[in-house]
Every structure is written in structure tokens, then in C-alpha cells.
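So you can see what is in the structure, the chains are spelled out below.
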Amino acid sequence: MGELPSRQDAWALLCEWVQQDPLRRHCLAVEAAMRGQARLHRGDEELWGITGLLHDLDYERHPDLETGHPRIAMEELRSRRYPEEMIRAIGSHADYLGISRETDMERSLAAVDELSGFVLAVARVRPDGIHGLTPKSVKKKLREASFAAAVNRQDVASTAAALGIDFDEHVRNVIAALEPEAQALGVDGQRGEG
Ligand SMILES: [Fe+2]
Ligand SMILES: [Fe+2]
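Note that this is a predicted model, so its numbers are computed, not measured.

Calculation notes
- Residues numbered from 1 in each chain as written.
- Chains lettered and ligands numbered in written order.
- Predicted model: local features only at pLDDT ≥ 70, side-chain atom pairs only at ≥ 80, totals over all residues.
- Heavy atoms only, no water.
- Donors = N, O, S within 2.8 Å, 3.2 Å for Na, K, Ca; no water.
- Helix = DSSP H or I, 4+ residues; strand = E, 2+ residues; numbered from the N terminus.
- Buried < 20%, exposed > 50% of the residue type's maximum accessible area, 1.4 Å probe, protein only.
- Axes fitted to C-alpha atoms, helices over the stretch in contact; angles between N-to-C directions.
- Parallel < 35°, antiparallel > 145°, perpendicular 65-115°, else oblique.
- Contact = heavy atoms within 4.5 Å.
- Polar contact = N/O pair within 3.5 Å; in protein donor to acceptor, adjacent residues only side chain to side chain.
- 1 Å grid on protein atoms, 1.4 Å probe; cavity = no way out; pocket = protein on both sides within 12 Å on 5 of 7 lines; lining within 4 Å.
- Points joined across faces, edges and corners; volume = space filled by probe spheres on them.
- Nonpolar A, V, L, I, M, F, W, Y, C, P; charged D, E, K, R; others polar.
- Salt bridge = Lys/Arg side-chain N within 4 Å of Asp/Glu carboxyl O.

Explain the coordination of the iron ion (ligand 1) to me, and be specific about the residues and the numbers.
Coordination of the iron ion (ligand 1) by the protein comes from D56 (OD), H69 (NE2) and H93 (NE2), over a distance range of 2.1 to 2.3 Å. Read in sequence order, the donor residues for the iron ion (ligand 1) give the motif D-x12-H-x23-H. Separating the iron ion (ligand 1) from the iron ion (ligand 2) is a gap of 3.8 Å, which D56 spans by donating to each of them. Taken together, the positions of D56 in the loop between α3 (45-54) and α4 (71-79) and H69 in the loop between α3 and α4 put the pair 13 residues apart, joining distant regions of the chain. The buried category is assigned to D56, whose relative accessible area is 7%. Judged by its relative accessible area of 5%, H69 falls in the buried class.

Tell me about the packing of helix α7 (residues 135-143) against helix α9 (residues 167-178), and please be specific about residues and values.
Running from N to C, α7 and α9 point in directions that differ by 105 degrees, and their axes come no closer than 9 Å. It follows from the interaxial angle that α7 and α9 lie roughly perpendicular. Only F167, D168, V171, R172 and I175 of α9 make contact with α7, whose side of the interface consists of P135, V138, K139 and L142.

How would you summarise the environment of R24 if you had to cite specific residues and measurements?
With respect to the helices, strands and loops of the structure, R24 is situated in helix α2 (residues 21-41). Here R24 falls in the buried class, since its relative accessible area comes to 18%. For the pair R24 and E60, spaced 36 residues apart in sequence, the C-alpha to C-alpha distance is 9.9 Å. Separated by 2.8 Å, the side chain of R24 and the backbone oxygen of V18 make a polar contact.

Just give me the short version of the environment of G129, but keep the residues and values in it.
Looking at where G129 falls in the secondary structure, it is placed in the loop between α6 (104-124) and α7. The sequence separation of G129 and D21 amounts to 108 residues, and the corresponding C-alpha distance is 18 Å. Those residues in contact with G129 that sit more than four places away from it in its chain are A123, V187, D188 and G189.

I'd like to hear about the layout of surface pockets, residue by residue, with values.
Unoccupied space between atoms shows up once a probe the size of one water molecule is rolled over them. Considered as a void within the structure, the largest pocket measures approximately 820 Å³ in volume. If you trace the largest pocket, you find 29 residues lining it, with H26, D56, Y59, D113 and E114 closest to the centre. Every element with two or more residues in the lining of the largest pocket is listed here: α2, α6 and α8 (153-163). If one sorts the elements of the lining of the largest pocket by residue count, α6 sits on top with 8 residues. Each residue belonging to the lining of the largest pocket can be placed in one class, and the counts come to 14 nonpolar, 6 polar and 9 charged. Here the second largest pocket is characterised by a volume of approximately 180 Å³. As for the second largest pocket, its lining consists of R7, L28, E31, A32, R35, R39, A177, P180, E181, A184 and L185. The element contributing the most residues to the lining of the second largest pocket is α2, with 5 residues. Considered class by class, the residues forming the lining of the second largest pocket number 6 nonpolar, no polar and 5 charged.

A description of the pattern of salt bridges should follow, citing residues and the corresponding values.
Summed over all chains, the structure comprises 12 salt bridges. Of the charged contacts, one joins E46 and R35 as a salt bridge, the two residues approaching to 2.7 Å between their closest N and O atoms. Of this pair, E46 sits in helix α3 while R35 sits in helix α2, and the two are 11 residues apart along the sequence. Using a relative accessible area of 13% as the deciding quantity, one classes R35 as buried. With a closest N to O distance of 2.8 Å, K139 and D168 form a salt bridge. Of this pair, K139 sits in helix α7 while D168 sits in helix α9; the two residues are 29 residues apart in sequence, bridging distant segments of the chain. Through salt bridges that share partners, R7, E31, R35, R39, E45 and E46 make up one connected network.

Without other data, these values stay purely geometric and don't point to any function.
Below is the structure:
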């Protein structure tokens, strides 16, 4: 069993590999969502959070899904002797690697990855940002195919279903986990201005 890095070391590693703000922000969002999931599932919050933070570590440098992401990240984290649970979970978030999702942490990572990005996209077009955002508004935008069209709706639905939780509740949990980080995630709405 490897050793979990500190939050500070994990963030430094991410900043070394990822230069672009949108991807850093995505990683921060998935971290926050995973910390929320850990609290719900009584998981190890640091392990789940840092797994979320590092899940796309190699995506900027190695975006090629045939040979790159997330294989290179898995190798890097393995060479650093990070926990195997973290490395397996990161592998399992990429459908095409065929690593089955066996644990709550693995199912949670898949279920918050796309959804957290979608929630932020919805929050960004609201005057109040993420504050007051409801599952109902998120679902309305999910039905609008042209909105954040890159987000795979099927994937959002099936990964949430695999968690075995009501969809609205899952969306509510993700919103609640992201809201305290509103400022860092750029979804503080009018409160962030002036
Ligand atoms: Fe990814
Ligand atoms: Fe991701």
C-alpha cells in the first residue's frame, strides 16, 4: 500500500503538469465533489479528494486517448508510490481502459467527473452563479442538447445510476460540495464582482 501525498504536494504536482486554468479548475471541482462524496459514503476524505484532484493529471500533456490519458498519470503516480486505490480509481474513470468500477470511490469519481463540469457550466450563466442552483435547473439544461454539448448526457445518467442514488439527490450533493468553493471555481455570480 502506497502513501498518500499531502494536499500541498498533490497540488504542486498538478500545477507542474497542468498549465491551463480551465483544466486546473476542473480538477479542483472534482476534488471538492469527491470530498463531498467521501463524507456521504464515510470514505477517507483526503484519499478521495486527492484522487479527484489528480484524476486528469496527464490530460494536458497526453490527451491522446489511444496511448495517453490516464495511463501516463497512472505510471507517474505508481512511480511515486501513491496508494494503489487511487491509481486504480483514476484508471477506472476512463471507460475505454475497461477497468471495472468496484468501490464507492471509483463509482463516485465517474459520477462527479462530467456532472461537476456541467453544474459549473449551468452556474456560469446564472446571475447568482452556483448559489441557489437546484437540480431542477440542472436537469432543464441537460435536456437542452445544445447547452454544453460536449457533456455526454448518457454518461451523466448512467454513472449516477451506478451510484445507486436518486438523480436529483446526486445533483444536489454535487452542488452542495461545489458551492463552498464558488469563488475558486469562478461561479460566485454577482458576489464575486466589484
Ligand atoms: Fe479524464
Ligand atoms: Fe475529468
